[in-house]
Amino acid sequence: MDVEFRGNRRPQGNRPLVQERETYFLLVDQGMSFAEAARAVGISTRTGERWRNGRGASGRIKAYPPLNAAPVDESSDPSRYLREADRVHIADRLLEKATIRAIAAELGRSPSTISREVRRNGTLLADGRWHYRPYTAQRRADARRPRPKTGKIGQNPELHDFIQTHLTLRWSPEQICHALRRHFTHRPDMHVSHETIYQALYTQGRTELRREPTRTLRTGRARRRPRRLADRRRFRAVKNKVMISQRPPEAADRAVPGHWEGDLILGRNKHSAIATLVERSTRYLMLVHLPDGYNSAAVRDALITTVNPLPPHLKRSLTWDQGTEMAAHRGFTMATNVPVYFCDPGSPWQRGSNENTNGLLRQYFPKGTDLSTHTPEDLQAVATELNSRPRKTLDWETPTERLHKLLTA
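My aim in this report is to walk through the structure given alongside it, one point at a time. Here the structure is a predicted model, which is why all the values come from computation and not from measurement.

Calculation criteria
- Every residue gets a number counted from 1 within its own chain, in the order that chain's sequence is written.
- Only residues with pLDDT of 70 or above have their local features reported here, since the model is predicted, and side-chain atom pairs are shown and tallied only from 80 upward, although totals for entire chains, interfaces and linings are computed over all residues.
- Based on all heavy atoms of the structure, the side-chain values leave hydrogens and waters out of the count.
- Secondary structure elements are defined from DSSP: runs of H or I of at least 4 residues count as helices, runs of E of at least 2 residues count as strands, and each element is numbered from the N terminus.
- Any residue under 20% of the maximum accessible area for its type is buried, any over 50% is exposed, and the rest in between are partly exposed; the area is computed with a 1.4 Å probe on protein chains only.
- By definition, residues are in contact when any of their heavy atoms lie within 4.5 Å.
- Computed with a 1.4 Å probe, the accessible areas rest on the Shrake-Rupley method; for each residue, only the protein chains presented here act as cover.
- Only C-alpha atoms enter the line fits that serve as axes; for helices the fit covers just the stretch in contact. Angles between N-to-C directions range over 0 to 180 degrees.
- When an angle is under 35 degrees it counts as roughly parallel; over 145 it counts as roughly antiparallel; between 65 and 115 it counts as roughly perpendicular; any other value is oblique.
- Under the grouping applied here, Gly and all other residues not named as nonpolar or charged are polar, the nonpolar ones being Ala, Val, Leu, Ile, Met, Phe, Trp, Tyr, Cys and Pro and the charged ones Asp, Glu, Lys and Arg.
- In this analysis the probe radius is 1.4 Å and the grid spacing 1 Å, with only protein atoms considered; a cavity is a set of points the probe fits into but cannot get out of, a pocket is an open set with protein on both sides within 12 Å along at least five of seven lines, and lining residues have an atom within 4 Å of a point.
- Grid points are joined across faces, edges and corners, and a volume is the space filled by probe spheres set on the points.
- Every patch collects residues that have over 30% relative accessible area and no salt bridge, joining them within 9 Å if they carry like charges and within 5 Å if they are nonpolar side chains (Val, Leu, Ile, Met, Phe, Trp, Tyr).
- The rule for a salt bridge is simple: a side-chain nitrogen of Lys or Arg has to be within 4 Å of a carboxyl oxygen of Asp or Glu.
- Here the positive residues are Lys and Arg and the negative ones are Asp and Glu; neither His nor the chain ends is included.
- A charge is said to be at NZ when it belongs to Lys, at CZ for Arg, at CG for Asp and at CD for Glu.
- Strand pairing is defined by DSSP finding a minimum of two bridges between the two strands.
- A crossover counts as right-handed when, viewed with the strands pointing away from the observer, the path leading from the first strand over the helix to the second turns clockwise.
- Pairs were defined over the aromatic rings of Phe, Tyr and Trp, the Trp ring being its six-membered one, requiring ring centres within 6.5 Å. Orientation was assigned from the angle between planes: stacked under 30 degrees, edge-to-face over 60, tilted for the rest.
- Two helices that cross are described as forming a left-handed crossing if the nearer one is turned anticlockwise from the farther one by less than a right angle, and a right-handed crossing if clockwise.
- By nonpolar core we mean a set of buried residues, namely Ala, Val, Leu, Ile, Met, Phe, Trp, Tyr and Cys, connected to one another through side-chain atoms within 4.5 Å.
- Definition of a polar contact: a pair of N or O atoms within 3.5 Å, with one able to donate and the other able to accept a hydrogen when the atoms are protein atoms, and with sequence-neighbouring residues admitted only if both atoms are side-chain atoms.

Some thoughts on the overall build of the protein
Along its length, the protein carries 18 helices and 7 strands. Burial statistics for the protein: of 409 residues in total, 38% are counted as buried. Restricting the contact set of the protein to residue pairs at least 6 apart, pairs at least 24 apart contribute 56%. Per element, the accessible surface of the protein, about 24600 Å² overall, is 51% carbon and sulfur.

What about the packing of helix H4 (residues 84-95) against helix H6 (residues 111-121)?
At a minimum axis distance of 12 Å, the contact between H4 and H6 shows a crossing angle of 85°. Taken together, the axis directions place H4 and H6 in an arrangement best described as roughly perpendicular. Of H6, the residues touching H4 (which contributes Arg87, Ile90 and Leu94) are Ile114, Glu117, Val118 and Asn121. Looking at side-chain class alone, the contact of H4 with H6 contains 4 nonpolar, 1 polar and 2 charged residues.

Regarding empty space enclosed by the protein
In this structure the tally under the stated criterion is 3 cavities of 30 Å³ or more. Considering only enclosed or pocket space, the second largest cavity measures out at about 50 Å³ in volume. In terms of lining residues, the second largest cavity is bounded by Trp260, Leu277, Met286, Val307, Leu310, Leu314, Lys315, Leu318, Phe332 and Val338. Split into classes, the residues belonging to the lining of the second largest cavity amount to 9 nonpolar, no polar and 1 charged.

Focus on a positive patch on the surface
On the surface, Arg80, Arg116, Arg119, Arg120, Arg133, Arg139, Arg140, Arg144, Arg145, Arg147 and Lys149 cluster together into a patch of positive charge. Relative to the helices and strands, arginine 133 is located in the loop between strand S2 (130-131) and helix H7 (134-144).

Topic: the pairing of strand S6 (residues 317-320)
Looking down a regular strand, the side chains alternate between one sheet face and the other. Here S6 shows a buried face lined by Ser317 and Thr319 and a second buried face lined by Leu318 and Trp320. By the bridge criterion, 3 bridges tie strand S3 (residues 259-266) to S6 in an arrangement that is parallel. Its bridge partner being in S6, glutamate 261 is matched across the sheet by threonine 319. Bridge analysis of S6 against strand S7 (residues 340-342) gives 3 bridges, and the strand direction is parallel. Bridged to tryptophan 320 within S7 is phenylalanine 342. Regarding the hand of the β-α-β motif, the stretch spanning S6, helix H15 (residues 329-336) and S7 is right-handed.

So, the sheet that holds S6
The strand order across the open sheet built from 5 strands is S5-S4-S3-S6-S7, with neighbouring strands paired in mixed fashion. In the strand order of this sheet, the two ends are held by strand S5 (285-288) and S7, each with one partner. Averaged over neighbouring strand pairs, the angle between their axes works out to 25° when direction is ignored. Across 7 bridges, the pairing between S3 and strand S4 (residues 273-279) is antiparallel. Its bridge partner being in S4, glutamate 261 is matched across the sheet by valine 278. Contacts from helix H14 (residues 296-307) reach S4, S5 and S6, with the element oriented near 140° to S5.

Here's the deal with the packing of aromatic side chains
Counted by the stated rule, this structure contains 3 aromatic pairs. Measuring from centroid to centroid gives 5.5 Å for tyrosine 24 and phenylalanine 25, while their planes differ by 75°, and the two rings are edge-to-face. Owing to a relative accessible area of 0%, tyrosine 24 belongs among the buried residues under this scheme. The exposure class of phenylalanine 25 is buried, given its relative accessible area of 15%. Between phenylalanine 162 and phenylalanine 184 the ring centres are 5.8 Å apart and the planes differ by 80°, which places this aromatic pair in the edge-to-face class.

Description of the packing of helix H9 (residues 157-168) against helix H10 (residues 173-183)
In the contact formed by H9 and H10, the axes pass within 10 Å of each other and the chain directions differ by 130°. Here H9 lies oblique to H10, going by the angle between them. Seen along the crossing, H9 lies across H10 with a hand that is right-handed. Two secondary-structure elements touch here, H9 through Leu159, Phe162, Ile163, His166 and Leu167 and H10 through Ile176, Ala179, Leu180 and His183. Within the contact of H9 with H10, the residues separate by chemical class into 7 nonpolar, 2 polar and no charged.

Let's talk about the nonpolar core
By size, the foremost hydrophobic cluster in this structure holds 23 residues, and its most contacted members are Leu277, Leu290, Leu303, Leu318, Trp320, Met326 and Phe332. Among the elements that line this core, the one with the most residues is H14, at 5 residues. Aside from chain neighbours lying at most four places away, what touches phenylalanine 332 is Arg300, Leu303, Ile304, Val307, Leu318, Asn337, Val338 and Val340. Grouped together as the second largest cluster of nonpolar side chains are 18 residues, Ile176, Leu180, Leu201 and Leu209 included.

Let's talk about the side chain of histidine 191
For histidine 191, the position within the fold is in the loop between H10 and helix H11 (194-202). Here phenylalanine 184 takes part through its backbone oxygen, which lies 2.5 Å from a polar atom of the side chain of histidine 191.

What about the pairing of S3?
By the criterion of burial, S3 is predominantly enclosed, with 7 of the 8 residues buried. The turn joining S3 and S4, which pair antiparallel and follow one another in sequence, is formed by 6 residues; a positive phi near 55° is taken by asparagine 269.

Have a look at this one:
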């Protein structure tokens, strides 16, 4: 292409340089340098740079995009994401000192969307104002959009090892995330939520944590599932029972230690069982060995052997469900001086601490296994491990620590 260089370089005023722009970009596409193309059409190199890269807002001059940029889809259909035109509108209105809510109303967006966009893609100046460049913001948004992304756990080997180690110790994700905040108080890069850990374990396509849920999560599930209502229990008659409504009020508010909740966890085909006792105030656990079955006499004798060594101020009451294994409750009360109170039928939440603990125990004693194979030493080791776990309801103290405080006081 033959191009005639302009000899007259006098100012042209505000006349639009439409033909010059087309010629400039054509020369650049043919391999001419930016400076030579600018000299050929009679413009400065800075003007050519603005044509190529666009211009940011300055004073009364508004920003405009590159003149040879790819066309942007500006359809009227609503978009989930902010488009380039939306970002240009935000930048112009911020220069006019419009409020975030006013800009959001004009774009039909939530104020939090606009505020988050400015904070994420803008620059905070020394005077507290935000400097927002719409085309830079668009490039940043386009760079962040591709999926899949490596999560926070996968990017930080130290965080990954800490979580994996404590999952191996059978800590729950919520216990792990609070331990991270306690051990790495001033390191936000080591803080994650429990949902982030669950996502790393369960979400398809992620390999941030080893997918061994049967060994690391107490539910033992390979995938998540919603909660469902438990089956209703049959009504079981126990003679001379005292209902939970007559239990002392001090047991309900958990302010006074010594009130226990009890139940059985059953083995395969209901041929074996382990009795569980949980102290309501400290959540301290004791496991009761039942080698001779779980009829009322066997349960009574085993509970007497377990409860009698406790100091008097830790023997105030025992709350049980409607199971017939406690039919000999009066004999237990006479031997230990501990009254027994029974829950209402089909109301397991009245022994919430015990029900929660029984769920934790299923990680050690899975359903469908023979529980008679476990020795008293095995039960003591499991109870010690659970009593050494931090609990959210105890402000992340362990049951052993909380019980020790009560005994020393």
